[in-house]
Amino acid sequence: MPESTLFEDKYDKIVDLARRRGFFWPSYEIYGGVAGFYDLGPLGTMLKVNIVNLWREYFVLKHQDFVTEIETPVIAPEVLFRASGHLDHFTDPIVECLECGRKYRADHLVEELAGLKAEGSDVEELDSIIRERGLRCPQCGGDLSEVRTFNLLFRTTIGPYSSDVGYLRPEAAQGMFSAFKRAFVAMRERLPLGIAQIGRVARNEISPRQGMVRLREFTIMEVEFFHDPEGEDPPWDRFSGKLRLLPAEARLRGEEKPVEIGVVEAIDEGIIKNKWLGYWMCVSREFVRELGIEYGETYFEEKLPHERAHYSAQTFDQVVRISRWGWIEVSGHAYRTDYDLRRHMELSGQDMTVFKPFKEPRIVEVERVVADKSVLGRVLGPSMAPFLEALKRMSPDEVKRALEGPGETVTIAGFEVPKSAVRVVKEREKVSGTRFVPHVAEPSFGAERLVLAVLDKAYTEDEGRVVLRIPRRVAPVKVAVFPLLEKEELVRVAREVYMKLMSLGLTVVYDESGSIGRRYARADEIGVPYAVTVDFQTLSDNTVTIRDRDTKQQIRVSLGELHRRLLELLGLAAATALSP
RNA sequence: GCGGCGGUCGUCCAGCCUGGUCUAGGACGCCGGCCUUCCACGCCGGAGAUCCCGGGUUCGAAUCCCGGCCGCCGCACCA
């Protein structure tokens with residue numbers, strides 16, 4: 001029995017509310033809709049903007065001493081995804097039953113039916129195994145089609161030539177990797193360096209079905225954190241503490257409950273293979289908590305090797321339990337090692353290494369090949385250039401071996417040269433550092449899933465009324481302003497208050513229709529944390545009431561201090577600390 | 001992609017089996033009016049649906065049949 005059935009299935013109610021009040025709805029509805037695409041409505045857009053900004057606060061602003069944000073295009077040339085491995089790996093081999101039409105992962109089918117290790121085999125291998133062994137559809141026994149691959153990248157062309165193939169990015173990461181050197185120089189060549197990006201990505205999912213959980217296009221929030229794996233420790237004084245983890249080996253034992261363990265301990269014990277991966281998991285835990293998801297409602301599940309992406313040495317998914325769908329992944333934490341930068345070095349020919357100074361310069365003895373060009377020039381003439389090229393590619397040991405043997409001349413790399421013209425010398429050299437390819441730890445969030453998770457956690461009912469207990473910081477509308485009654489003198493003051501709060505930068509709604517109770521209910525339903533009511537007492541002493549969404553408690557404050565009190569209540573007071 | 005179930009005002013649902021009386025009904029929500037001094041009050045009125053799309057059967061289709069699209073569930077798939 002799935003765990004999710006133990007919880008009241010609020011999903012339908014949330015979807016209903018989302019449509020009615022304008023959080024989100026399926027895209028292109030007038031044409032029947034297209035699976036995997038959702039619009040965000042007025043409230044959904046504001047909520048998402050707030051979530052995105054909170055993410056930026058945690059991942060960028062609180063780390064702006066070493067994390068910076070950039071923006072790169074959604075469309076990229078084919079070579080980028082050849083380098084990243086997505087053209088080859090962001091794909092699945094599929095066979096189809098010609099009788100019943102069922103589709104199977106070809107490698108899984110071969111493993112299951114033939115008992116062979118097939119994961120990673122190419123299409124031809126899988127195809128021939130299926131033919132040789134006469135594998136058939138496990139469901140109906142029908143003939144199987146040829147193995148083909150389905151790539152989840154959306155393909156397009158760049159400009160008028162169909163040969164200029166481009167793809168919509170399935171992750172923002174590759175834009176950051178390909179711009180690494182620029183950003184690194186702009187950030188004054190210091191490591192560690194986090195490059196953050198918030199942007200749209202697209203994945204051509206075969207059959208997206210879980211509403212806002214699985215979209216073909218969504219907003220991703222990622223940090224590619226470039227660092228030296230042997231370098232300095234993360235700033236544990238900023239984020240640290242215990243993580244709820246479900247390690248892969250525990251999953252293999254059949255465990256389903258996460259264990260709670262201090263992050264530093266988890267790193268020391270090798271459960272988390274990279275310390276920055278662990279650090280950003282701590283940041284993620286706090287960020288998600290501020291969205292209204294308590295520690296006990298989220299944990300990090302390590303992916304098994306075959307579940308991991310091709311670039312990852314270790315992956316944890318941060319999961320959150322919501323109604324209907326159970327535990328859903330809201331963020332992925334991948335230790336990408338130096339895979340991506342190395343691949344981009346190979347395909348672009350550009351150097352992506354970073355200089356790492358030693359604490360003390362070292363004097364080392366090195367062997368170097370020295371060529372006497374004045375001699376060689378006379379002997380080789382125009383052949384000197386190719387000879388020097390070939391020589392450069394040889395190690396000192398190889399050269400030494402070539403120089404052994406009798407006679408005045410030797411043949412090196414096919415060129416006959418005088419022995420005296422090539423020497424291997426030992427030199428003492430001062431080395432102040434070394435170059436290496438930075439490693440990457442990547443926390444990556446899907447914004448729309450967070451919108452859904454926030455709504456799911458916030459959704460409550462109180463005597464048949466819906467109250468969205470959205471955390472104040474991310475509530476789309478912060479304040480509602482009402483006249484107690486629709487009397488001209490109350491309306492006038494209430495409208496003034498409304499305009500004033502709006503001009504001071506708060507998101508505010510004004511409502512005068514229906515009873516005061518109905519208006520509170522309408523505000524509660526879209527998660528407005530505070531409602532300000534102008535009543536008859538206001539007219540005599542300039543005070544109004546502030547009513548709390550969650551407790552229904554009211555306090556009375558003067559109009560003069562209303563704005564400041566609201567900022568305090570909303571947790572935004574710090575932003576105005578310097579205001580008069 | 002397969003199988004099952006479904007698609008009717010903004011929302012939820014009735015009607016469909018047994019074709020006509022459906023100019024498609026109700027509730028909630030929305031708008032207006034009256035009433036109302038703090039938690040969806042009451043009364044009155046109004047707007048709002050080419051019944052998912054296309055085709056077929058029929059004198060006549062929301063209703064029956066076929067195809068498509070979309071959604072949910074199961075399978076499969078899923079960075």
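Residues numbered from 1 in each chain as written. Chains lettered and ligands numbered in written order. Predicted model: local features only at pLDDT ≥ 70, side-chain atom pairs only at ≥ 80, totals over all residues. Heavy atoms only, no water.

### Looking at the overall build of chain A
- Within chain A, the secondary structure is distributed over 20 helices and 28 strands.
- Relative to the 2.2 N^0.38 estimate, which gives 25 Å for 580 residues, the radius of gyration of chain A is 31 Å and therefore markedly larger than a compact globule would have.
- Oriented by its inertia axes, the alpha-carbon framework of chain A measures out at about 115 × 70 × 55 Å.
- Looking at chain A residue by residue over its 580 residues, the buried ones come to 47%.
- Across chain A, contacts joining residues at least 24 apart in sequence account for 67% of those joining residues at least 6 apart.
- For chain A, the exposed surface amounts to about 29000 Å²; the carbon and sulfur share of it is 49%.
- Here chain A contributes 81 positively and 91 negatively charged side chains, and the mean placements of these two sets differ by 3 Å. (Helix = DSSP H or I, 4+ residues; strand = E, 2+ residues; numbered from the N terminus. Rg over C-alpha atoms; globule rule 2.2 N^0.38 Å. Buried < 20%, exposed > 50% of the residue type's maximum accessible area, 1.4 Å probe, protein only. Contact = heavy atoms within 4.5 Å. Areas by Shrake-Rupley, 256 points an atom, 1.4 Å probe, with all protein chains shown as cover. Lys, Arg positive; Asp, Glu negative; His and termini not counted. Charge placed at Lys NZ, Arg CZ, Asp CG, Glu CD.)

### A short note on the packing of aromatic side chains
- Applying the stated criterion across every chain, the model contains 24 aromatic pairs.
- Measuring from centroid to centroid gives 5.9 Å for F24 and Y38, while their planes differ by 70°, and the two rings are edge-to-face. Of this pair, F24 sits in strand β1 (residues 24–26) while Y38 is found in strand β2 (residues 38–40), placing the two residues 14 residues apart along the sequence.
- Counting every residue linked through ring pairs, the aromatic cluster contains W55, Y58, F59, F66, F225, W236, F239, W276, Y279, W280, F287 and F445.
- Taking the ring centre of F436 as reference, the NZ or CZ of K356 above it sits at 5.5 Å. (Phe/Tyr/Trp six-rings, centres within 6.5 Å; stacked < 30°, edge-to-face > 60°. Lys NZ or Arg CZ within 6 Å of the ring centre and 35° of its normal.)

### Structural notes on the domain arrangement of chain A
- Segmenting chain A into domains produces domain 1 (3–90 + 152–339), domain 2 (92–150), domain 3 (359–434) and domain 4 (477–576).
- Taking only C-alpha atoms into account, the centre of domain 3 sits 83 Å from that of domain 4. (Domains from an automatic or database assignment.)

### Digging into the environment of L152
- Assignment of secondary structure puts L152 in the loop between β7 (148–151) and β8 (155–157).
- Considering only alpha carbons, one finds L152 and F90, 62 residues apart in sequence, at a separation of 6.1 Å.

### Focus on helix α18 (residues 516–525)
- Along α18, the positions that sit buried rather than exposed are R519, Y520, A523, D524 and E525.
- Elements in contact with the buried residues of α18: α1 (11–21), β23 (465–468), β24 (479–483), β26 (530–534), β27 (543–548) and β28 (554–558).
- G527 lies just past α18 and shows a positive phi near 80°.

### What about the pattern of salt bridges?
- Tallying each qualifying case throughout the model produces 44 salt bridges.
- Between R19 and E29 there is a salt bridge whose closest N-O contact spans 3.0 Å. Of this pair, R19 sits in helix α1 while E29 sits in the loop between β1 and β2, placing them ten residues apart in sequence.
- Residue E171 is joined to R336 by a salt bridge in which the shortest nitrogen-to-oxygen separation is 3.0 Å. With E171 in the loop between β9 (165–168) and α7 (173–178) and R336 in strand β16 (residues 326–337), this residue pair connects regions lying 165 residues apart in the sequence. As far as burial versus exposure is concerned, E171 and R336 are alike and both buried.
- Linked through salt bridges whose partners overlap, the residues forming this network are R251, E301, K303, E307 and D317. (Salt bridge = Lys/Arg side-chain N within 4 Å of Asp/Glu carboxyl O.)

### A word on the pairing of β27
- Burial within β27 is extensive, with six of its six residues counted as buried.
- Side chains T543, T545 and R547 of β27 all project onto a buried face; the interleaved residues V544, I546 and D548 project onto the opposite face, where all are buried too.
- Where β27 meets β28, five bridges bridge the pair, whose relative direction is antiparallel. Across the sheet, the residue bridging to V544 is V557, located in β28.
- Between the end of β27 and the start of β28, which pair antiparallel, lie five residues, with K552 showing a positive phi angle near 65°. (Pairing = 2+ DSSP bridges.)

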